[in-house]
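# Results of the structural survey
The residues making up each chain are set out below.
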Amino acid sequence: MMNLPLTRRRFLSRLSQLAIAAGLVPLADDASAQSGALASGRDAYDVTAFGARGDGKAFDTAAINQAITAAAAAGGGTVNFAAGTYLSNSIRLKSNVGLHLGNGCVLLAAQGNGYDAAESNQPWENYQDYGHNHWHNSLIWGEELEDISISGPGRIWGKGLSRGEGPPPQAETPGIGNKSIALKNCRNVVLRDFSILHGGHFGILATGVDNLTIDNLRIDTNRDGMDIDCCRNVHITHCSVNSPWDDAIVLKSSYALGFARSTEMITISDCLVTGGYEEGTLLDGTFRRFDPARKLAPYEEEWRTGRIKCGTESNGGFKSITIANCVFDSCHGLALESVDGAQVEDIAITNLTMRDIYESPIFIRLGSRMRGPAGAAVGVIRRVQIGGVICSNAVSPICSIITGIPGHKVEDVRLSNIVIEHEGGGTEQQARIRVPEKEADYPDPDMFGAMPAHGFFVRHVRGIEMEGIKIIARKRDERPAFVLEDVENADFARPQVPVAAGVPLFALREVEHFRLRDSAHLPDMSLDRVAQKDILPE
């Protein structure tokens, strides 16, 4: 029985070759498509041989799905798209089949309500947003599959997809699609070398996908670039994502599978994330900034999100995550979040360059929103290392934030060799702000409003090391560089911060075991217990 798929594959390939030689390759009519028109070569299935026209006008959905079915029935193969524009609704992937989008190929998401229905995900639908609960209402989808791929260098254009908010089409309308690619409970997946334009709510949604490789994609889109949810062993490399209105690369661990499953063993490296360019201008290489004089509709307001984030959906946890050699350009900064009970642990982040950063360059938040089944415990964030970060022109008055909540502390965080340049200009009034807890609020750096520090605000933390942190303020800032509240075991070495007469370098409140060494403006010190203390330069 093990030899049957291979035998059949060889038979079909030989039959295809004979048909081509005899000039009998089926024409693009319904009869030939239904008869199982064959491929143009061994293990390859050309969608035009199944009736696809590629003219951007006729619907090619049926022909594409028939080519996929034929490849799967033969034991596997590659479905080829030559140059052309293929208008389509839902494309259903199958195991052992790859899609290859050739040079000049555009896979165009049709407008209207012809997409597969959004399947029910009850009783779990209340625990994550609509887009995370459904997979079938997509341009390309697959569930319970293995050994699948989509490769380039062609393009996916999600023109007819809903972005999940704003103008029609509304994602909840029956028959509307809202994702370019959606995969659920799949194994051994490769996505490589293609581009996505205007991808809908998600360019890529992968939920419960293990052994996933995403390499050399260019995504220029109107919501999230890629969401990796409840996945294991994922490698994201050499990707460029422009997503002004939502996150570029985001790891999640939602309850969409009906249980809390962690996202773990993840590497993200050598990627560009940005939210600063008009949609489409990353792909065409013009990199056109938003025109401040152009009037925008409310849903087009320049959020400039475009970042790498773990969260917000965070039921299952994030474990063994490495992020390295990435560029953040004109977007929000790095975010690590646990607000729904997730364990976030063993995170290593190195070599990031950030420029024109909106909101907090580094945001680490342990909270208790607890969107999930009742009874779950508040999560943890521990063993996080971030090093080798350069951030120039942080244009927001919101500093970097590391904070837990009362009774639940962020643990064992080490920051080293970090340079942050910001506009400065903070006031004495801002320096006196007592930051609200907002334990159950949606986590984002602007959740607290203006901050009393201009470098780092650290609260409810046990075990934090900062070594070689340099803060540059272009204008005089009346706020301390570092504010620590309810912090245990804080070690600072070689800080370089602006010095202004009368402005503390550190503001400590309820701090235990604070140590400082090798500061140019302060003596080495070790403080056992501090109720409240401002440390001014000598």
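Please read these numbers as outputs of a predicted model, since none were measured by experiment. (Residues numbered from 1 in each chain as written. Predicted model: local features only at pLDDT ≥ 70, side-chain atom pairs only at ≥ 80, totals over all residues. Heavy atoms only, no water.)

## What to know about the packing of aromatic side chains
- What the rule picks out here adds up to 11 aromatic pairs.
- With a centroid separation of 5.7 Å and 55° between ring planes, the pair formed by Trp-124 and Tyr-255 is classed as tilted. Pair noted here: Trp-124 is in the loop between strand S7 (105–109) and strand S8 (140–143) and Tyr-255 is in the loop between strand S20 (249–253) and strand S21 (263–269), with a separation of 131 residues, a long-range link.
- When the ring of Tyr-127 is compared with that of Tyr-255, the centres are 5.7 Å apart and the planes differ by 85°; the resulting orientation is edge-to-face. Residue Tyr-127 is located in the loop between S7 and S8, and its partner Tyr-255 is located in the loop between S20 and S21; the two are separated by 128 residues in the primary sequence.
- Just above the ring of Phe-448 sits the side chain of Arg-459; from NZ or CZ to the centre is 5.7 Å. (Phe/Tyr/Trp six-rings, centres within 6.5 Å; stacked < 30°, edge-to-face > 60°. Helix = DSSP H or I, 4+ residues; strand = E, 2+ residues; numbered from the N terminus. Lys NZ or Arg CZ within 6 Å of the ring centre and 35° of its normal.)

## Considerations on the state of the cysteines
- With the rule as written, the count across this model stands at zero disulfides.
- Here Cys-331 is not disulfide-linked; the sulfur of Cys-391 is the nearest cysteine sulfur, at 9.5 Å.
- Among the cysteines around Cys-399, which has no disulfide bond, Cys-391 carries the closest sulfur, lying 12 Å off. (Disulfide = S-S within 2.5 Å.)

## Structural notes on the nonpolar core
- Of all hydrophobic cores here, the largest spans 118 residues; its most connected members are Phe-456 and Phe-514.
- No other element matches the seven residues that strand S31 (residues 456–475) contributes to this core.
- In this structure, Phe-514 is in contact with Leu-484, Ala-490, Phe-492, Phe-506, Leu-508, Met-525, Ser-526, Leu-527 and Ile-535, ignoring residues within four places of it in sequence.
- Membership of the second largest hydrophobic core comes to 13 residues, among which are Cys-399, Met-447, Phe-448 and Ala-453. (Core = buried A, V, L, I, M, F, W, Y, C linked by side-chain atoms within 4.5 Å. Buried < 20%, exposed > 50% of the residue type's maximum accessible area, 1.4 Å probe, protein only. Contact = heavy atoms within 4.5 Å.)

## Comments concerning the environment of Asn-185
- Tracing the chain through its elements places Asn-185 in the loop between strand S11 (179–184) and strand S12 (187–192).
- When the C-alpha positions of Asn-185 and Gln-111 are compared, they lie 28 Å apart, and in sequence the two are 74 residues distant.
- The contacts of Asn-185, once residues within four sequence positions are left out, are Glu-144, Leu-145, Thr-207, Gly-208, Val-209 and Leu-257.

## Here we look at helix H3 (residues 61–73)
- Between the first and last C-alpha of H3 there are 18 Å, a value that for 13 residues agrees with the 18 Å anticipated at 1.5 Å per step.
- All of the buried residues in H3 are Thr-61, Ala-63, Ile-64, Asn-65, Ala-67, Ile-68, Ala-70 and Ala-71.
- Looking at the residues trailing H3, positive phi occurs at Gly-75, about 95°. (Expected span 1.5 Å × (residues − 1).)

## Points about the pattern of salt bridges
- Following the criterion strictly, the structure yields 40 salt bridges and no others.
- Across the pair Arg-163 and Glu-165 runs a salt bridge, and its minimum N-O distance is 3.7 Å.
- Here Glu-165 falls in the partly exposed class, since its relative accessible area comes to 29%.
- For Arg-371, the salt bridge goes to Glu-313, with nearest N and O atoms at 2.9 Å. Placement of Arg-371 in the loop between strand S27 (362–366) and strand S28 (380–394) and of Glu-313 in strand S23 (residues 308–314) is noted, with a sequence separation of 58 residues between them.
- Via salt bridges that share partners, Asp-129, Asp-227, Lys-252, Glu-313 and Arg-371 belong to a single interconnected network. (Salt bridge = Lys/Arg side-chain N within 4 Å of Asp/Glu carboxyl O.)

## Focus: the pairing of S12
- Note that strand S9 (residues 146–151) and S12 share five bridges and pair parallel. The residue of S12 that forms the bridge with Ser-149 is Val-190.
- Taken together, the five bridges between S12 and strand S15 (residues 210–215) define a ladder with parallel strand orientation. From the neighbouring strand, Val-190 faces S15, where its bridge partner is Thr-213. (Pairing = 2+ DSSP bridges.)

## Some words on the environment of Ser-392
- Relative to the helices and strands, Ser-392 is located in strand S28.
- Using a relative accessible area of 25% as the deciding quantity, one classes Ser-392 as partly exposed.
- Separated by 31 residues in sequence, Ser-392 and Pro-361 have C-alpha atoms that sit 9.8 Å apart.

## Overview of the side chain of Ser-162
- Mapped onto the fold, Ser-162 is located in the loop between strand S10 (155–157) and S11.
- In terms of polar contacts, Ser-162 uses its side chain to reach the backbone amide nitrogen of Gly-164, at 3.0 Å.
- When neighbours within four sequence positions are excluded, Ser-162 is seen to be in contact with Pro-169, Gln-170, Ala-171, Ile-176, Gly-177, Asn-178, Gly-200 and His-201. (Polar contact = N/O pair within 3.5 Å; in protein donor to acceptor, adjacent residues only side chain to side chain.)

## Thoughts on unusual backbone geometry
- Omega for the bond connecting Gln-122 with Pro-123 falls within 30 degrees of zero, at 5°, which places this linkage in the cis form.
- Mapping Pro-123 onto the fold places it in the loop between S7 and S8.
- Cis geometry marks the peptide bond from Pro-168 to Pro-169; its omega dihedral reads 5°.
- One can find Pro-169 in the loop between S10 and S11.

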